[in-house]
Amino acid sequence: MDANIKRLRVVKVIEEGRVGGPQMDIVRTSKELRARGVDVVVVVPHIDSAQFCELLDSFGIPIYGVTLTRPGAKIGQLIQYFVRFIVEVNALAKVFRKLDPDLVHAGGGAWQIKGVLAARICQIPVIWHLNDTGTPWPVRALFKSLKHIPVGFICAGKSVKKYYFGKSAQSNVIVIQSPVDCEKFCPTNREILSIERSRQETKIPLILTVGNLGRVKGV
């Protein structure tokens, strides 16, 4: 890379620390972006993010911790979320000013809006990553009021795009399937033979699904 060319810096932010699909997407894409010469920093919440931070650290991905409250089903959790909302948006804005990115990537779905608002305050372009199709109507209403802010959207599937944008042909919306390391999940020859033998003996079709048993998954 030419020494006179400024390296692109991307800050990825997510408001939930527990490891799930969005967090693994951040790990994989951050690793790939850094291999391509892009500076990536991941902003993570202090709460419940130990395993997530370990994964990021194992690939040498820089981490910046900040206090972020997530909403919950209990009244107390919701009250705390709204009480701390403005404080945490401003805290994120302060972090963004310090890190001085060219782009902010807000991951985790439509309810994670603090990174979007903080980027707007700092006048930094932001990409909003959407990956769900089961958000409560207040979240969808709030999303509609804010969807003019991002310069673009990433949808984790065609159904996600349809859920949030309908038949709209917005040019700043792109569908990118969540990445999977197929080699990591490739079965051994012994496992394949065992599965084939079982299918031949029972004559019953085999269906495999991978994911947690959350209600929204519709298993």
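This is a predicted model, so every value here is computed, not measured.

So, on to the overall build of the chain. When its secondary structure is counted, the chain shows 8 helices and 7 strands. Overall, the chain is about 65 × 50 × 40 Å in size when its C-alpha atoms are taken along their principal axes. Partitioning the intrachain contacts of the chain with sequence separation of at least 6 by distance along the chain shows that 56% fall at a separation of at least 24. Element-wise, carbon and sulfur atoms account for 57% of the exposed surface of the chain, whose accessible area totals about 14000 Å². Here the chain contributes 31 positively and 18 negatively charged side chains, and the mean placements of these two sets differ by 8 Å.

Consider a sheet: its strands pair through backbone hydrogen bonds, and that pairing is either parallel or antiparallel. Strand order in the open sheet formed by 7 strands is E3-E2-E1-E4-E5-E6-E7, with parallel pairing between adjacent strands. Lying at the two open borders of the sheet, with one neighbouring strand each, are strand E3 (63-66) and strand E7 (173-175). Going across the sheet, the axis of each strand differs from the next one's by a mean of 20°, ignoring polarity. In this sheet, strand E5 (residues 126-130) lies alongside strand E4 (residues 103-106) in parallel orientation, the contact comprising 3 bridges. Its bridge partner being in E5, His 105 is matched across the sheet by Ile 127.

All chains considered together, the criterion is met by 8 salt bridges. One salt bridge in this structure joins Arg 70 and Glu 16, with 3.3 Å as the shortest N-O distance. Taken as a pair, Arg 70 in the loop between E3 and helix H3 (75-83) and Glu 16 in the loop between strand E1 (9-13) and helix H1 (21-35) lie far apart in primary sequence, 54 residues in all. Owing to a relative accessible area of 40%, Arg 70 belongs among the partly exposed residues under this scheme.

This part covers the packing of helix H4 (residues 85-99) against helix H5 (residues 114-122). When two helices pack together, you describe them by how their axes are tilted relative to each other and by the distance separating the axes. Look at H4 against H5: their axes get within 8 Å of each other, and the N-to-C directions meet at 55°. With respect to each other, H4 and H5 are oriented oblique. Remark: the crossing between H4 and H5 carries right-handed chirality. The segment H4 lies against H5, with Phe 85, Glu 88, Val 89, Asn 90, Leu 92, Ala 93, Phe 96 and Arg 97 engaging Lys 114, Gly 115, Leu 117, Ala 118, Ala 119, Ile 121 and Cys 122. Considering only residue class, the contact of H4 with H5 consists of 10 nonpolar, 2 polar and 3 charged.

Turning our eyes to something else, we now look at unusual backbone geometry. In the Ramachandran plot, Asp 100 falls in the positive-phi region, its phi being about 50° despite a non-glycine side chain. Looking at the secondary structure, you find Asp 100 in the loop between H4 and E4. Note on Asp 100: relative accessible area 53%, which makes it exposed.

In this section: the environment of Val 139. Looking at where Val 139 falls in the secondary structure, it is placed in helix H6 (residues 137-146). For the pair Val 139 and Glu 191, spaced 52 residues apart in sequence, the C-alpha to C-alpha distance is 44 Å. Dropping the residues within four chain positions of it, Val 139 is found in contact with Ala 110 and Trp 111.

A few words now on the packing of aromatic side chains. A complete count under the given rule lists 9 aromatic pairs for this structure. Here the aromatic rings of Tyr 81 and Phe 82 are separated by 5.3 Å at their centres, their planes lie at 80°, and the arrangement is edge-to-face. Residue class for Tyr 81 comes out buried when judged on its relative accessible area of 6%.

Glancing now at helix H2 (residues 50-58). Taken together, the buried positions of H2 are occupied by Phe 52, Cys 53 and Leu 56. The buried residues of H2 occupy an angular sector of 95° when the element is viewed end-on, so they sit on one face. Exposed positions of H2 whose direction lies more than 90 degrees from the buried face are Ala 50, Gln 51, Glu 54 and Ser 58. Packing partners of the buried residues in H2 comprise H1, strand E2 (39-45) and E3.

Calculation criteria
Residue numbers here run from 1 along each chain, matching the order of that chain's written sequence. Given that the model is predicted, a residue must reach a pLDDT of at least 70 before its local features are reported, and side-chain atom pairs must reach 80 or more before they are shown or counted; all residues, however, enter totals for whole chains, interfaces and linings. The side-chain numbers reported here are obtained from all heavy atoms of the structure, hydrogens and water having been left aside. A run of DSSP states H or I qualifies as a helix once it reaches four residues; a run of E qualifies as a strand once it reaches two. Both are numbered from the N-terminal end. When checking whether two residues touch, look at their non-hydrogen atoms; a contact exists if any pair is within 4.5 Å. Note that accessible areas follow from Shrake-Rupley with a 1.4 Å probe, and for residues the cover is restricted to the protein chains shown. When charges are counted, Lys and Arg are positive and Asp and Glu negative, with His and the chain ends excluded. To locate a charge, take NZ of a lysine, CZ of an arginine, CG of an aspartate or CD of a glutamate. Any two strands with at least two DSSP bridges between them are considered paired. Axis definition: a line fit to C-alpha positions, over the contact stretch in the case of helices; interaxial angles, taken between N-to-C directions, run 0 to 180 degrees. Think of a salt bridge as a Lys or Arg side-chain nitrogen and an Asp or Glu carboxyl oxygen that are within 4 Å of each other. Using a 1.4 Å probe on the protein chains alone, a residue whose accessible area is under 20% of its type maximum counts as buried, one over 50% counts as exposed, and one in between counts as partly exposed. Roughly parallel means an angle under 35 degrees; roughly antiparallel, over 145; roughly perpendicular, 65 to 115; everything else is oblique. Crossings are assigned a handedness: left-handed for a near helix turned anticlockwise from the far helix by less than a right angle, right-handed for a clockwise turn. Residues were grouped as follows: Ala, Val, Leu, Ile, Met, Phe, Trp, Tyr, Cys and Pro as nonpolar; Asp, Glu, Lys and Arg as charged; and all remaining residues, including Gly, as polar. Aromatic pairing here means that ring centres of Phe, Tyr or Trp (its six-membered ring) are within 6.5 Å. Orientation follows from the plane angle: under 30 degrees is stacked, over 60 is edge-to-face, and everything else is tilted. Along the arc lie the directions from the helix axis toward the C-beta atoms.

Structural measurements only, silent on function.
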